[in-house]
Amino acid sequence: MQTSFTSEFIQSADGERVNNILRKCVHCGFCNATCPTYELTGNELDGPRGRIYLIKNFFEESLEENSEGSSNETSLKHLDRCLTCLACETTCPSGVKYGELVDIGRKHINASIQRPVLSKIKRKLILNAFSSSMRVGILLAIARIFKPLLPASLASKLPAKIKLSAISASGLGPSLGILSSSSRKMLTIKGCVQKAAAPQINFATKKVLADSDIQLDEANSACCGALAFHLTELDQAHATIRKNIDHWYQILNDGYEKILINSSGCSTFIKQYATIMQDDNAYADKAKFISEHCIDLSEIASELTPKAPHSREKTTKNSTNKTIAFHSPCTLQHGQNINGKIEEKLIQAGYNLVEVQDSHLCCGSAGTYSLLEGDMSSQLLENKVANLENNQPDMIVTANIGCLMHIQSGTKIPVKHWIELLV
Ligand code: SF4
Ligand code: SF4
């Protein structure tokens, strides 16, 4: 793609990156074919190629005069509608880094306009509510009390309450012992939404790892910073990232092998720390170190050897007849290019996986997208649930808390995190 940026822009750090990314694009449009939002609206500006042009035009400072009659507000509207699912990156034959481009585009376009007051308030409320597990827990408790009064669309999103006593009775829970004899130690984070909405996932992770002789310790960090970053609250995101880096860097050098994350949205984001902090002289090297030491739980799926009697039985005798529809989160299949590892483990554990049509498409959760772009998100959810339910599975299984809660709001079939099936 030809660009005509000013030399001043190209000499800036973001300008050089934008120019290098854009020059790889041959505007073939293959990416539009796998873009969920383009598929829904058929509007070129709701597809990756159109969004790439919007960003290019913005930086060429020609938006006011262009033939589409676009404005910076229009550009931001179409960028806001992008799920950042990165299906387009997976499809692109030229290796265009759309994710990095859209992050830079959002940063600059967002800074050039004033969002409407109500939109600003909504975004601030979402950020404050969901970046702390304590606040998520309080909100969930209040919402459950007033559930009959909530609009159906909101009430359906409320996760069922999981009692800690039920978790403990199943052999999991906070009292789970740490194996002092473990030869391997890994670090994880407490998390924000997952810890409050589905605490059994963290307990199951710790249990399965302990059974596999891997000690998993929690660092005292809540949010990875993704929430603030994706709401373009960059100062807050960078402050959270710096705090996490300072904390984890010190602990990692104390004999921990990796930072292990069981929610693919968070593992993808921590792997992006290196890119996000590359211009911060004080943190660039440490951010790279943290990103290189972060792994998603699925990356060690083949090393997990659950020792619970019923799990052993399932593994060796292939005895369960349960059928599963697996939803691979975009952050796993597109964001980290991790494919097949969880499916292989579940088959090994005795589950039957059914085929899911259009498995490359986003479910519409996409972080805070379901709260900010409700209509588009609901349509994507409806399509996703229809495909997941098509072969009447006993369970739907995924690897990211956002997808799990979003899909559960649209189906009566139980939706679980894959690690829960190995306990
Ligand atoms: S597929 Fe790649 S090269 Fe083709 S238009 Fe999309 S981003 Fe550009
Ligand atoms: S990230 Fe997803 S929604 Fe956004 S342009 Fe790419 S394919 Fe479309």
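Residues numbered from 1 in each chain as written. Chains lettered and ligands numbered in written order. Predicted model: local features only at pLDDT ≥ 70, side-chain atom pairs only at ≥ 80, totals over all residues. Heavy atoms only, no water.

K.L.:
How would you explain the environment of Cys224 if you had to name every residue and give the values?
P.N.:
Checked against the element boundaries, Cys224 lands in the loop between strand 2 (214-219) and helix 14 (226-230). For the pair Cys224 and Cys266, spaced 42 residues apart in sequence, the C-alpha to C-alpha distance is 6.4 Å. If near-sequence neighbours (up to four positions away) are discounted, Cys224 is found in contact with Ile189, Thr240, Ile241, Asn244, Cys266, Phe269, Ile270 and Tyr273. (Helix = DSSP H or I, 4+ residues; strand = E, 2+ residues; numbered from the N terminus. Contact = heavy atoms within 4.5 Å.)

K.L.:
Break down helix 5 (residues 72-80) for me, citing the residues and quoting the values.
P.N.:
Among the residues of helix 5, those classed as buried are Asn72, Ser75, Leu76, His78, Leu79 and Asp80. On the buried face of helix 5, the contacting elements are helix 4 (48-59), helix 7 (98-112), helix 8 (117-130) and helix 22 (369-372). (Buried < 20%, exposed > 50% of the residue type's maximum accessible area, 1.4 Å probe, protein only.)

K.L.:
An account of the site of ligand 2 is requested, with residue identities and associated values reported.
P.N.:
The environment of ligand 2 is made up of 13 residues, and the closest members are Cys35, Arg51, Cys82, Cys85 and Cys88. Listing elements by their share of the shell around ligand 2, those giving two or more residues are helix 3 (36-41), helix 4 and helix 6 (87-91). Grouping the amino acids of the shell around ligand 2 by side-chain chemistry returns 10 nonpolar, two polar and one charged. (Near = heavy atom within 4 Å. Nonpolar A, V, L, I, M, F, W, Y, C, P; charged D, E, K, R; others polar.)

K.L.:
I'd love a proper account of the confidence of the model for the protein, names of residues and values included.
P.N.:
Across the protein, the average pLDDT comes to 88, with 85% of residues at 70 or higher. Scored below 50 in pLDDT, residues 63-69 makes eight contacts in the model with residues more than four places away or belonging to other chains. Throughout residues 174-179 the model reports pLDDT below 50, and contacts reaching past four residues in sequence, or to other chains, amount to 12 contacts. (pLDDT = per-residue confidence, 0-100.)

K.L.:
Explain the site of ligand 1 residue by residue, including any values.
P.N.:
Taken together, Cys25, Val26, His27, Cys28, Gly29, Phe30, Cys31, Ile52, Cys92, Pro93, Ser94 and Val96 are the residues near ligand 1. Classifying every residue of the shell around ligand 1 by side-chain character gives nine nonpolar, three polar and no charged.

K.L.:
Before we move on, can you summarise the packing of aromatic side chains with the specific residues and values?
P.N.:
For the coordinates displayed, the defined rule picks out seven aromatic pairs. Relative to Phe59, the ring of Phe58 lies with its centre 5.1 Å away and its plane at 75°, an arrangement referred to as edge-to-face. Note on Phe58: relative accessible area 14%, which makes it buried. On the basis of relative accessible area, Phe59 is assigned to the buried category, the value being 9%. Taken together, a centroid distance of 5.4 Å and an interplanar angle of 55° make the contact between Phe229 and Phe269 tilted. On the criterion of sequence distance, the pair formed by Phe229 in helix 14 and Phe269 in helix 16 (residues 264-271) is long-range, its members being 40 residues apart. (Phe/Tyr/Trp six-rings, centres within 6.5 Å; stacked < 30°, edge-to-face > 60°.)

K.L.:
I'd like a rundown of the nonpolar core, residues and numbers included.
P.N.:
Ranked by internal contacts, the top residues of the largest apolar core, which has 78 residues, are Trp248, Tyr273, Ile300, Leu304, Ile407, Trp418 and Ile419. With six residues, the top contributor of residues to this core is helix 15 (residues 234-252). Taken domain by domain, this core gets at least three of its residues from each of domain 3 (164-299) and domain 4 (306-422). One finds Cys25, Tyr98, Leu101 and Ile104 within the second-largest nonpolar core, a separate group that totals 25 residues. (Core = buried A, V, L, I, M, F, W, Y, C linked by side-chain atoms within 4.5 Å. Domains from an automatic or database assignment.)

K.L.:
How would you summarise the side chain of Thr37 if you had to cite specific residues and measurements?
P.N.:
Tracing the chain through its elements places Thr37 in helix 3. In this structure the side chain of Thr37 is engaged in a polar contact, spanning 2.6 Å, whose partner is the backbone oxygen of Asp46. When near neighbours in sequence (up to four residues on either side) are disregarded, Thr37 contacts Gly42, Asp46, Arg51, Arg81, Leu83, Tyr369 and Met376. (Polar contact = N/O pair within 3.5 Å; in protein donor to acceptor, adjacent residues only side chain to side chain.)

K.L.:
Residues and numbers for the environment of Asp211, please.
P.N.:
When you line up the elements, Asp211 lands in helix 13 (residues 199-211). Distance in space between the C-alpha atoms of Asp211 and Thr305 is 6.7 Å, their sequence separation being 94 residues. Among the polar contacts made by the side chain of Asp211, one reaches the side chain of Lys207 at a distance of 2.8 Å.

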